[in-house]
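Summary of the model geometry
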Amino acid sequence: MADIGTDHGFLPLFLWEQGRSPRVVFTDSSPEALDRARQTCRRMYPQTVFDLRLGSGLSVLEKNEVENVVLAGMGGLLMMQILAEDPEKTRSFQRFILQPRRHVGHLRHYLLHHGFSITREQLVREGKYICEIITAGPVPVEAPDPALMAAPPDAIVWEVPAWYGAVNDPLTGEYIKRRLAKEEKRLLGMRKGKAGKEEERALAIAQANENIRYLRRLLEGK
């Protein structure tokens, strides 16, 4: 596996320690960050030589060099940029584990509109945050939902997929409730505010109301 933007290098080192991945590649575009990973490796396994590479995105990898690529702790827009830089190389890897910090809806939209399939999604708690992890492969999804595919990338159906409402899991319910509270707070702010054109504000309020109804329906399905 290759960890793109590895920083301290904890993830690939853990996978190597556990025997989950016999070969790991640590990469980062920042010399300082890569040095942190190098220090971690030296501190824990001073006699072992690890593969650490300085460079941006997937440029440090050869085609078919690894099976799994991890992109974690960065924004969804940056992930889209990395995946798009060299499509042929990108498609040579079997699986991508993606953990976007923001713009997750844009990332889902990009994946399904550019020949990827989303094979698994998970929610995990990290301190006060609930993180989304997307597993994707370079194989198109079969017969995607036309209504979903027609929605713009910033639509709520991309940000919070409909299948979240079918998962009987406390963390998923908490995630939806958090997003609902955020939409309700945004709606309240728009109703109190007077900035912007009246027509645009009315459209934004209508969209926020629709988002709230959608999220409530998901919660009712849990």
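Before reading further, recall that the structure is shown in the block above.
Residues numbered from 1 in each chain as written. Predicted model: local features only at pLDDT ≥ 70, side-chain atom pairs only at ≥ 80, totals over all residues. Heavy atoms only, no water.

Following the criterion strictly, the structure yields 18 salt bridges and no others. Between Arg213 and Glu210 there is a salt bridge, with its nearest N and O atoms 3.0 Å apart. Within this pair, Arg213 and its partner Glu210 are both found in helix 9 (residues 198-220), separated by 3 residues, close to a single helical turn. Owing to a relative accessible area of 43%, Arg213 belongs among the partly exposed residues under this scheme. By relative accessible area, which is 32% here, Glu210 ends up partly exposed. One continuous salt-bridge network, built from bridges that share partners, spans Arg23, Asp51, Arg53 and Glu65. (Salt bridge = Lys/Arg side-chain N within 4 Å of Asp/Glu carboxyl O. Helix = DSSP H or I, 4+ residues; strand = E, 2+ residues; numbered from the N terminus. Buried < 20%, exposed > 50% of the residue type's maximum accessible area, 1.4 Å probe, protein only.)

Turning our attention to the side chain of Thr135. Assignment of secondary structure puts Thr135 in strand 7 (residues 129-137). Each residue touching Thr135, except ones within four places of it in the same chain, is listed here: Arg95, Phe96, Ile97, Ser117, Ile118, Thr119 and Arg120. (Contact = heavy atoms within 4.5 Å.)

Let us now look at the sheet that holds strand 2 (residues 25-28). Taken together, 7 strands build an open sheet; the order of strands is 3-2-1-4-5-7-6 and the sheet is mixed. In this open sheet, the two edge strands, each paired with only one partner strand, are strand 3 (51-54) and strand 6 (117-126). Each strand axis lies, on average, 20° off the axis of its neighbour in the sheet, ignoring direction. With 3 bridges connecting them, strand 1 (residues 2-4) and strand 2 associate as parallel partners. Within the sheet, the bridge partner assigned to Ile4 lies in strand 2 and is Thr27. Strand contacts of helix 8 (residues 170-192): strand 6 and strand 7, with the helix running at about 85° to strand 6, the strand carrying the most contacts. (Pairing = 2+ DSSP bridges. Axes fitted to C-alpha atoms, helices over the stretch in contact; angles between N-to-C directions.)

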